[in-house]
Amino acid sequence: MIFCALLAGCDKNPTVIDDSPSAPAPVATAPLPEMLSGYHFQSADTQALQDDQFANPGMLWVDRGEELWTTAPQTGKPACAGCHNDAATDMAGVAAHFPKYNKSLDTVVNLEGQINHCRVEHQQSSPLVYESDDLLALSAYVGYQSNGLPIEVAIDGPAAPAFAAGQAYFYTRRGQLNLACNHCHEDNVGRMLRGDKLSQGQAGGYPAYRLEWQSIGSLHRRLRFCNVGVRAEPFAFGATQYIELELYLKWRAQGLPVETPAVRR
Amino acid sequence: MIRTINRRNWLAGAGTLATLTVQPRLLAAVSEPVQSVLKRDFPTAEIQPGRVNIELPALAENGNSVRMKISVDSPMTPTDYVSFIQIIAQANPLPDVARFDLSHANGLAEVETRIRVSAEQDIVVVAGLSDGSLWSGSAHIVVTVAACLDALY
Amino acid sequence: MLKARISVPARARQGEIMAVKTLISHPMETGFRRNSLGQAIPRDILTRFECRYNEKPVFTATLHPAVAANPFIAFHVRAQDSGKLEFIWTDQDDQVTRVTRELTVDPAA
């Protein structure tokens, strides 16, 4: 980061207008006058695909997650259902509050991190590999229990530093194209970038099935894709930077419904 | 632009156009990949335009998965029904997409699926009826290019 | 084991035309793609789908690599007698995935 700042400072190229972070938006209010889910920016066909539970391919991972939910691990410890009972009632709304501060880990974790924490702590099993079909299936299944419920994350107390870091990330230029998240997802919402209509970058649909991927994928996969898009080095799946950004994005999407599993182009 | 030839259009034109030999017209109008499929699968039969209705977006957001719905005008009775529907995508690496075999047991000659479309093209559909007659329709599609490609991430 | 999702009524009136929707988890790898090392990814596709109604095939699909990943196929079947509907997918190596649904058919009103 310091190296980048130094480089930017040395750059006398007049076409580079501003390399410093844009001013962060005030914390008290959401940065956009009207909150629109990514759903709003899809074609009618893609919206219909998301809405039809028997055509939405993301539901295949939800079904697989349901199987995993009730399958006890080899360690003799209980299945997810052994502690949490019926996911349809006990897990409704849970995903809408992630990422959140986890006391025993003393850090903010996202849903994938919480699932792996449960596996290690309560099932004495190894954590699932990020972006593996099993972790995608479980997070899609738990996420699906909150489908339609409003996103609501805590950003105060022990979550405050992560939130501030995530917000700073959102407004920091990066990559060879020297773009921050807000340059696409606030300043140019609704405009076309080649064949894509720029969305507000709301994160309520993940894990989401993307036609481009021909698969379901996590929010972090989408964030890596954003980084590569501006020609920045992507972070690892589950990286602290992405969890902080995820917290900021979820706060930014406050009140929008969880759409897991959403369908995006 | 969806160049669907529906029953009404076809019937309206049928009075004056009935004498036209349709197979050479169709074959002349389509590309070599479609011709080779038609020659392979229907070497002798005559293919007439009409009866086939296609729902396909004029502009696909992503060519990996494009909704396509096909219906064929048919009463679907034990003596008069659609026996198959075949999809041909001439600009794809392989022109064959899918073939659906039906009978009067379906009650309705309508199939929906999702296909891969590699480039702008006319997607051709051939339907075969129980009397042996062959009918066809086509729909034009443009595939947009995404801003950021993500094949490896 | 592939996961399939099927929408079909459990009960219908005789003669009723039932809408059937099927979805199955499968990458439908075309054989035309390469991985990040430039190596060809081998073709891996479902080649056939069949719906049988009381043992009798009523709908068959022949699939090529141009069918999208996680194939979705929707069609119709006319309700005749109570019994079972079988949905059978076969891949290029003859591996079969089979799902069965019971159907109760009431006499026509």
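Residues numbered from 1 in each chain as written. Chains lettered and ligands numbered in written order. Predicted model: local features only at pLDDT ≥ 70, side-chain atom pairs only at ≥ 80, totals over all residues.

For the rest of this paragraph, the subject is the overall build of chain B. When helices and strands are counted, chain B shows three helices and nine strands. Along the chain direction, N to C, the helices and strands of chain B fall in the order α-α-α-β-β-β-β-β-β-β-β-β. Relative to its full complement of 153 residues, chain B shows a buried share of 44%. Put simply, 67% of the contacts in chain B that link residues at least 6 apart link residues at least 24 apart. (Helix = DSSP H or I, 4+ residues; strand = E, 2+ residues; numbered from the N terminus. Buried ≥ 20, exposed ≤ 12 C-beta atoms within 10 Å, placed from the backbone. Contact = placed C-beta atoms within 7 Å.)

Helix and strand content of chain A: eleven helices and seven strands. Split into buried and exposed, the 265 residues of chain A put 41% on the buried side. Long-range contacts, defined here as pairs at least 24 residues apart, represent 72% of the contacts in chain A between residues at least 6 apart.

This brings us to the interface of chain B and chain C. Taken together, the contact pairs 26 residues of chain B with 22 residues of chain C. Those elements that provide at least two residues to the side of chain B that touches chain C are strand E6 (96-101) and strand E7 (110-115) of chain B. Partitioned by chemical class, the residues of the side of chain B that touches chain C number twelve nonpolar, seven polar and seven charged. (Nonpolar A, V, L, I, M, F, W, Y, C, P; charged D, E, K, R; others polar.)

Turning to the packing of helix H6 (residues 111-122) of chain A against helix H7 (residues 133-144) of chain A, a few remarks are in order. Residue and element names in this part refer to chain A. Running from N to C, H6 and H7 cross one another at 110°; their axes reach a closest spacing of 10 Å. Judged on the interaxial angle alone, H7 and H6 are roughly perpendicular. Relative to H7, H6 is oriented so that their crossing is right-handed. Across the interface between the two elements, Leu111, Glu112 and Ile115 of H6 pack against Leu135, Leu138, Ser139, Val142 and Gly143 of H7. In the contact of H6 with H7, the residues fall into five nonpolar, two polar and one charged. (Axes fitted to C-alpha atoms, helices over the stretch in contact; angles between N-to-C directions. Parallel < 35°, antiparallel > 145°, perpendicular 65-115°, else oblique. Left-handed = near helix turned anticlockwise from the far one by under 90°.)

All names here are of chain A. Spatially, three strands are ordered E6-E5-E7 in an open sheet, and the strand pairing comes out mixed. Lying at the two open borders of the sheet, with one neighbouring strand each, are strand E6 (215-217) and strand E7 (263-264). The sheet contact formed by strand E5 (residues 208-210) and E7 spans two bridges and is parallel. When the sheet's bridge partners are listed, Tyr209 is paired in E7 with Val263. (Pairing = 2+ DSSP bridges.)

This next bit is on the nonpolar core. Of all hydrophobic cores here, the largest spans 117 residues; its most connected members are A:Leu247, B:Ile85, B:Ile115 and B:Val125. Broken down by element, this core gets its largest block of residues, eight residues, from H7(A). Residues from two domains meet in this core; each of domain 1 (35-51 + 151-264) and domain 2 (58-144) of chain A gives at least three. Those residues in contact with B:Ile115 that lie beyond four places of it in its chain are B:Val66, B:Met68, B:Ile87, B:Ala89, B:Val97, C:Ala66, C:Val67 and C:Ala68. (Core = buried A, V, L, I, M, F, W, Y, C linked by C-beta atoms within 7 Å. Domains from an automatic or database assignment.)

Pairing in this open sheet of six strands is antiparallel, and the strands run E2(B)-E4(B)-E7(B)-E6(C)-E3(C)-E1(C) from one edge to the other. Edge positions in the sheet fall to strand E2 (52-55) of chain B together with strand E1 (4-7) of chain C, since each of these pairs with one other strand and no more. Sheet twist, expressed as the average angle between the axes of neighbouring strands with direction ignored, equals 20°.

Attention now goes to the domain arrangement of chain A. All names here are of chain A. What the domain assignment lists for chain A is domain 1 (35-51 + 151-264) and domain 2 (58-144). Listing elements by their share of the side of domain 1 that touches domain 2, those giving two or more residues are E5 and helix H11 (240-252). Among the elements that make up the side of domain 1 that touches domain 2, the one with the highest residue count is H11 (four residues).

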